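Here is how the chains run, residue by residue.
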Amino acid sequence: MSPAAAHTDIAVVGAGILGVLTAREILARAPGTSVTLLDRDLIGSGATRRSAGLHFPRGASATTRELAAESQRFYADLHAARPDLPIHPLEMTVLAPLASEPALREAYLPEAKLRPVEELPPQVPALPAGYGLWEGDGCQYADVQGLAQQLAADLRPAVAFREGVAVTALEPGPDEVRLTLSGGAALTAGHVVLAPGPWLAEPAWAALLAPLGARVKKIVALHVDVAPAPGDRAIVFHDEDAFLLPFHHRGHWLFSYTCQEWDVDPATVHPEVRAGHLDEARALLRRYAPDLAAACASGRVFCDAYGPRGTALVEALAGGRIVFAGAAGGSGYRLAPALAARAADLIPALPRPRKATT
Ligand SMILES: Cc1cc2nc3c(=O)[nH]c(=O)nc-3n(C[C@H](O)[C@H](O)[C@H](O)COP(=O)(O)OP(=O)(O)OC[C@H]3O[C@@H](n4cnc5c(N)ncnc54)[C@H](O)[C@@H]3O)c2cc1C
């Protein structure tokens with residue numbers, strides 16, 4: 001006879017930035033709740049590990065802008081309360097055709113206070129004809145893996161962590177969900193929050209998630225072998241959905257551009273930067289910052305889940321016992337606090353403050 005399964009009030013599956021913030025949010029709302037956070041790897045080893053970690057105050061849709069604004073307030077409060085955490089406020093310059101100004105004004109949050117500027121960033125020797133520059137407030141970047149690990153360490157006394165433990169099956173019932181774990185053990189949970197990052201196709205939940213219509217896309221960010229100077233700003237290329245980020249904590253710049261390789265699998269995606277990635281990225285960067293383009297030779301490659309129409313997903317499934325959160329489409333750091341709060345909103349036993357809790 002198999003041993004009785006252990007029980008937890010809420011199991012959070014996936015200990016990336018979203019799973020960690022969800023566990024934190026649950027305990028902030030209901031401190032006595034028993035929470036188990038499971039990951040088949042170590043905390044912060046998924047998309048979180050390779051994240052560029054840029055937050056900029058914008059969103060392509062009203063929903064994303066709402067999530068971004070809520071998350072921005074959360075991170076600002078967290079940075080104020082815990083300046084030791086690896087969150088680094090940053091100045092921001094946006095570069096775009098002048099004709100894109102109405103689109104910029106719609107996409108950026110009012111909190112960004114977007115305003116035109118004349119002065120070129122030192123990395124951009126000249127603007128293409130018909131282009132303008134704007135600066136705005138509210139930008140920051142983080143070492144996302146370090147942040148997830150430090151926040152998880154704070155949670156250790158209150159959360160049961162199960163690292164190196166994969167969930168291999170999920171069986172929702174009327175009163176609880178049964179999770180089968182690698183190694184043959186089982187866990188029952190009143191509710192399960194699934195925060196699997198790009199691992200949408202895991203056998204335990206592939207069929208459950210398929211109707212959500214999320215897909216997985218490769219993300220490539222190149223490392224630029226040039227040291228940022230103190231005070232260097234993030235430079236956002238609005239129309240190309242690309243950015244340059246002074247990675248002060250690592251001593252080099254990072255250039256993120258939009259790679260269009262869809263339907264990749266996190267289990268098999270190659271972490272190497274390919275010649276095609278370098279060619280695409282350099283061609284774009286050469287238009288604006290030729291010296292930095294010449295210094296791109298390496299980088300980071302992984303993938304992320306994207307919701308339909310580019311909007312992140314927080315959905316109650318299996319009669320409400322399972323909540324899926326994620327598919328933030330390359331913005332899973334900057335939207336994570338608001339997604340964690342919405343996931344907690346869908347667990348009926350938890351109280352519902354309307355603001356993400358720091
Ligand atoms: C190169 C790159 C650059 C990026 N830059 C930015 C950026 O500048 N700004 C931004 O906001 N976002 C950025 N992102 C996106 C962001 O990093 C992700 O959206 C975010 O980290 C996702 O976090 P998560 O917790 O949802 O998922 P993940 O961090 O992927 O965590 C999911 C976890 O689930 C675990 N798991 C999977 N299957 C199982 C299973 N069967 N059992 C148990 N555990 C399982 C995995 O091991 C993993 O640890 C970037 C992503 C990449 C790859």
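Before any of the text, the structure's been laid out above.
Summary of the structure given here. For every chain, the first residue of its written sequence is number 1, and the numbers climb from 1 along that sequence. Local features in this predicted model are restricted to residues whose pLDDT is 70 or higher, and side-chain atom pairs enter the listing and the counts only when it is 80 or higher, whereas totals over whole chains, interfaces and linings include all residues. Heavy atoms throughout the structure, all of them, feed into the side-chain values; hydrogens and water do not.

### Concerning the site of the ligand
Item 1. The full set close to the ligand counts 37 residues, and Asp39, Ala47, Thr48, Asp304 and Arg334 are the nearest of them.
Item 2. Whenever a nitrogen or oxygen atom comes within 3.5 Å of another N or O atom, the pair is scored as a polar contact, on the condition that within protein one atom can donate a hydrogen and the other can accept it, and that pairs from neighbouring residues in sequence are kept only if both atoms are in side chains. At a separation of 2.5 Å, an oxygen atom of the ligand approaches a polar side-chain atom of Asp39.
Item 3. At 3.1 Å from a nitrogen atom of the ligand is found a main-chain nitrogen or oxygen belonging to Arg40.
Item 4. Calculation of accessible area relied on Shrake-Rupley with a 1.4 Å probe; when residues are assessed, cover is drawn exclusively from the protein chains displayed. A total of 1000 Å² of accessible area belongs to the ligand in isolation, and the protein chains cover 98% of it. We call a residue near a molecule or strand whenever a single non-hydrogen atom of that residue lies within 4 Å of it.

### Description of the nonpolar core
Item 1. We define the nonpolar core as a collection of buried residues of types Ala, Val, Leu, Ile, Met, Phe, Trp, Tyr and Cys that are connected through side-chain atoms lying within 4.5 Å of one another. Relative accessibility under 20% of the residue-type maximum defines a buried residue, over 50% an exposed one, and the middle range a partly exposed one, all with a 1.4 Å probe and only protein chains included. Of all hydrophobic cores here, the largest spans 49 residues; its most connected members are Ile17, Tyr75 and Leu147.
Item 2. Broken down by secondary-structure element, the contributors of at least two residues to this core are β1 (6-13), α1 (17-29), β2 (35-39), α3 (62-81), α5 (144-155), β7 (159-163), β17 (322-326) and α9 (336-345).
Item 3. By definition, any uninterrupted DSSP run of H or I lasting at least four residues is a helix, any uninterrupted run of E lasting at least two residues is a strand, and each is numbered from the N terminus. Looking at this core element by element, the count peaks at seven residues for α1.
Item 4. We call two residues in contact when some of their heavy atoms are within 4.5 Å. Once residues lying within four places of it in the same chain are set aside, the contact partners of Tyr75 are Ile17, Leu21, Ile87, Gln140, Leu147, Tyr333, Arg334, Ala336 and Pro337.
Item 5. Formed by 29 residues, the second largest nonpolar core is a distinct cluster that contains Ala11, Val192, Phe302 and Leu317.

### Details of α9
Item 1. Within α9, ten of the ten residues are buried, which leaves the element mostly enclosed by the surrounding structure.
Item 2. Structurally, α9 contributes buried residues whose contacts are with α1, α3, β10 (186-194), β16 (313-317) and β17.

### Considering the packing of aromatic side chains
Item 1. Here the aromatic set is Phe, Tyr and Trp, taking the six-membered ring for Trp, and pairing holds for ring centres within 6.5 Å; pairs whose planes are under 30 degrees apart are stacked, those over 60 apart are edge-to-face, and all others are tilted. What the rule picks out here adds up to nine aromatic pairs.
Item 2. Ring centres of Tyr131 and Tyr288 lie 5.9 Å apart, and the angle between their planes is 55°; on these two criteria the pair is classed as tilted. Of the two residues, Tyr131 is situated in strand β6 (residues 131-142) and Tyr288 in helix α7 (residues 275-288); the sequence distance between them amounts to 157 residues. Each of the two residues, Tyr131 as well as Tyr288, counts as buried.
Item 3. Taking the centre distance of 5.8 Å and the plane angle of 45° together, the rings of Trp199 and Phe302 count as tilted. Pair noted here: Trp199 is in the loop between β10 and α6 (206-209) and Phe302 is in strand β15 (residues 296-306), with a separation of 103 residues, a long-range link.
Item 4. Look at Trp199 and you get partly exposed, because its relative accessible area is 22%.

### Here we look at the pairing of strand β12 (residues 234-237)
Item 1. Burial along β12 is two-sided: the residues Ala234 and Val236 and Ile235 and Phe237 are all buried.
Item 2. One requirement defines pairing of two strands: DSSP has to find at least two bridges between them. Two strands pair when backbone bridges link them, and strand β4 (residues 87-97) and β12 are joined in this way by four bridges, in the parallel orientation. From the neighbouring strand, Leu95 faces β12, where its bridge partner is Phe237.
Item 3. The pairing of β12 with strand β13 (residues 242-247) spans three bridges and is classified as antiparallel. In the sheet register, Phe237 faces β13, and the bridge partner there is Ala242.
Item 4. Hairpin connection from β12 to β13: four residues lie between these consecutive antiparallel strands, with Asp241 at a positive phi of about 50°.

### A word on the layout of surface pockets
Item 1. Only protein atoms enter the 1 Å grid used here. Points where a 1.4 Å probe fits but cannot escape make up a cavity, open sets with protein on both sides within 12 Å along at least five of seven lines make up a pocket, and a residue lines them when an atom lies within 4 Å of a point. Grid points are joined across faces, edges and corners, and a volume is the space filled by probe spheres set on the points. Approximately 160 Å³ is the volume attributed to the second largest pocket.
Item 2. Taken together, Thr93, Val117, Glu119, Leu120, Pro121, Pro122, Gln123, Glu135, Gly231, Asp232, Arg233 and Ile235 make up the full set of residues lining the second largest pocket.
Item 3. Residue polarity is assigned by list, with Asp, Glu, Lys and Arg as charged and Ala, Val, Leu, Ile, Met, Phe, Trp, Tyr, Cys and Pro as nonpolar; anything else, Gly included, falls into the polar class. Residues that form the lining of the second largest pocket fall into these classes: five nonpolar, three polar and four charged.

Taken by themselves, the reported measurements are silent on function.
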